[in-house]
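For reference, the chains in residue letters:
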Amino acid sequence: MGQLARWSSIGRASREFVLIVVGVLVALSADQWREEQNRRKVERAHLSAIRADAEAAITIVEGLRSIEQRRLEANEILLADVPPAGVPSDSLSRVLF
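For clarity, every value in this text was computed on a predicted model and none was experimentally measured.

Chemist: Please give an account of the overall build of the protein that cites residues and values.
Modeler: Of regular secondary structure, the protein possesses two helices and zero strands. Every one of the 97 residues in the protein was classed for burial, and the buried ones make up 1%. When the accessible area of the protein is evaluated, it comes to approximately 9,000 Å², of which 64% is carbon and sulfur surface.

See below:
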């Protein structure tokens, strides 16, 4: 009977060992899943910030483009009244040239 008790004890210890190993593996897997979820959350926050920055930059560039377009139009109006280089700027030359 001593030998049977010893095998029973070894069997119980083996089952406990397997149960502990499985528990540790499940815990490690759950921890890895949680870390992945946290990483994805941070990644989404970064991507959202990048998108907001890009949209703000587009708004700024569009505003600057509008300002430059008005400046170009004003310069064209001013240059329309300026005589070409080398032509005298008196009133008679404007009529002749």
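Chemist: How would you summarise the pattern of salt bridges if you had to cite specific residues and measurements?
Modeler: As enumerated under the stated definition, the model contains six salt bridges in all. For R40, the salt bridge is made with E36, and the minimal N-O distance between the two is 3.2 Å. Of the two residues, R40 and E36 both sit in helix α1 (residues 2-80), four residues apart, roughly one turn of that helix. What makes E36 partly exposed here is its relative accessible area of 27%. Sharing partners across several salt bridges, the network here consists of E36, R39, R40 and E43.

Chemist: Got a sec to walk through a nonpolar patch on the surface? Specific residues and values, please.
Modeler: Among the surface-exposed residues, F17, V18, I20, V21, V22, V24, L25, V26 and L28 lie close enough to one another that they form a single nonpolar patch of about 840 Å² accessible area. Relative to the elements of secondary structure, V22 occurs in helix α1. In this structure V22 comes out as partly exposed when scored by relative accessible area, which is 43%.

Rules behind the numbers
- Residues numbered from 1 in each chain as written.
- Predicted model: local features only at pLDDT ≥ 70, side-chain atom pairs only at ≥ 80, totals over all residues.
- Heavy atoms only, no water.
- Helix = DSSP H or I, 4+ residues; strand = E, 2+ residues; numbered from the N terminus.
- Buried < 20%, exposed > 50% of the residue type's maximum accessible area, 1.4 Å probe, protein only.
- Areas by Shrake-Rupley, 256 points an atom, 1.4 Å probe, with all protein chains shown as cover.
- Salt bridge = Lys/Arg side-chain N within 4 Å of Asp/Glu carboxyl O.
- Patch = residues over 30% accessible without salt bridge, like charges linked within 9 Å, V, L, I, M, F, W, Y side chains within 5 Å.

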